[in-house]
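# Chains, contacts and geometry: an overview
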Amino acid sequence: MGLPIRAIRTQFDPRRIPNLVVWLDGSDSSTLYDATTGGSLPANGAAVARWEDKSGRGHHATQDQSGNDQPLRRAGAANGRDTLEFDGVNDFMTIGGTPLSAATSASILAVVDKLSSTNNGGAVWGVSSNLNNHHPWTDGKFYDGFGSSTRYSYTSANRTDRHVLAVTAGAQYRAYVDGVQIYENVSNTFVAPARYLIGGDINNVSLFVYAQIPELMLFDRALTASEVGVLYQYLRAKWNTT
């Protein structure tokens, strides 16, 4: 009798890159629940109350307000994989804990499929009440204050297709769209966020985004350009971004 055959996983695992503190993956149905404390997998089109963190740090995203404040699970809607849809009106989730409380630099990546160019622009993520983050706004510019004491603005094409946003911040601030650096500030002052919101900000109605957000990752250090490139290639292959 021959030796047993073992399956070998070849798919890249983001946990191979050090300092991953939040990993939300909509394609993993075992991480989506209809209650903030757990429960069952929401049906297609039903509200998601809990999106579990796969980093191992326990920073789960939750929304304890029922009804329209919770994003919806859209089965197979993003390259045949499940995604979460935020309605641009009042949907948002809050990442638990303070994953960057002791950090002096950080990085965030998100896959975004903005569903309307006429939407108010919205925030893919919100980190502070005075740093409104639009990716992009209706004027085609990106406005972002993640990891910074200043909200930066930079021009880019207004995107309504599925794409990957990345920001790394420390002493330098860099923003990427689909693996290409589109902005840099070499004298950034890093500020750890006080809040971690996905899809909008309940304190400012202009911040809600109408988009599907299939995946989001947060690191408590600034990633290198090559690391951003590796993660972009992983996300591009998985979600069929442009």
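Reference entry: report on the structure contained in this document. (Residues numbered from 1 in each chain as written. Predicted model: local features only at pLDDT ≥ 70, side-chain atom pairs only at ≥ 80, totals over all residues. Heavy atoms only, no water.)

Moving on, we get to the packing of aromatic side chains. Here the structure, examined in full by the defined rule, presents nine aromatic pairs. With a centroid separation of 6.0 Å and 10° between ring planes, the pair formed by Phe 142 and Tyr 154 is classed as stacked. Residue Phe 142 is located in strand β10 (residues 141-144), and its partner Tyr 154 is located in strand β11 (residues 152-155); the two are separated by twelve residues in the primary sequence. In this structure an aromatic cluster arises from ring pairing among Phe 142, Tyr 152, Tyr 154, Tyr 173 and Tyr 183. Here the guanidinium or amino end of Lys 54 rests over the ring plane of Trp 23, the centre of that ring lying 4.3 Å away. (Phe/Tyr/Trp six-rings, centres within 6.5 Å; stacked < 30°, edge-to-face > 60°. Helix = DSSP H or I, 4+ residues; strand = E, 2+ residues; numbered from the N terminus. Lys NZ or Arg CZ within 6 Å of the ring centre and 35° of its normal.)

On to helix α1 (residues 225-239). Since there are 3.6 residues in each turn of an α-helix, residues three or four apart along the chain are aligned in direction. Taking 1.5 Å per residue as the helical rise, α1 with its 15 residues ought to reach 21 Å, and the 21 Å between its terminal C-alpha atoms agrees with that figure. Taken together, the buried positions of α1 are Glu 227, Val 228, Leu 231, Tyr 232, Tyr 234, Leu 235, Lys 238 and Trp 239. Looking straight down α1, one finds that the buried residues subtend no more than 165° of arc, so they occupy a single side. Turned more than 90 degrees off the buried face of α1, the exposed positions are Ala 225, Ser 226 and Ala 237. Trailing α1 by a residue or two, Asn 240 shows a phi angle of about 55°, which is positive. (Expected span 1.5 Å × (residues − 1). Buried < 20%, exposed > 50% of the residue type's maximum accessible area, 1.4 Å probe, protein only. Arc of directions from axis to C-beta.)

Trp 125 and Phe 146 are the most contacted members of the largest nonpolar core, which totals 38 residues. Residue assignment for this core shows that the elements contributing at least two residues are β1 (20-25), β6 (81-87), β7 (93-95), β8 (106-114), β11, β12 (162-169), β13 (173-177) and β16 (210-219). If we skip the residues at most four places from it in the chain, Trp 125 touches Ile 108, Ala 110, Asn 133, His 135, Asp 144, Phe 146, Leu 165, Val 167 and Leu 197. (Core = buried A, V, L, I, M, F, W, Y, C linked by side-chain atoms within 4.5 Å. Contact = heavy atoms within 4.5 Å.)

On to the sheet that holds strand β15 (residues 197-198). Strand order in the open sheet made by the six strands is β2-β3-β4-β7-β15-β9, with antiparallel pairing throughout. Two strands in the sheet have a free side with no partner beyond their single neighbour: β2 (32-33) and β9 (125-126). Bridge count for β2 against strand β3 (residues 50-51) is two bridges, and the pairing is antiparallel. Residue pairing across strands places Tyr 33 opposite Arg 50, the latter belonging to β3. (Pairing = 2+ DSSP bridges.)

The next subject is the pattern of salt bridges. A side chain of one charge can pair with a side chain of the opposite charge when the charged atoms of the two come close. A complete count under the given rule lists eleven salt bridges for this structure. Between Asp 25 and Lys 238 there is a salt bridge, with the nearest N and O atoms lying 2.9 Å from each other. Taken together, the residues Asp 25 in strand β1 and Lys 238 in helix α1 connect sequence positions 213 residues apart. Where Glu 215 meets Lys 238, a salt bridge forms, and the shortest distance between an N and an O atom there is 3.0 Å. With Glu 215 in strand β16 and Lys 238 in helix α1, the pair connects residues that are 23 residues apart, well separated along the chain. For the residue pair Glu 215 and Lys 238, the accessibility class agrees, reading buried in each case. (Salt bridge = Lys/Arg side-chain N within 4 Å of Asp/Glu carboxyl O.)

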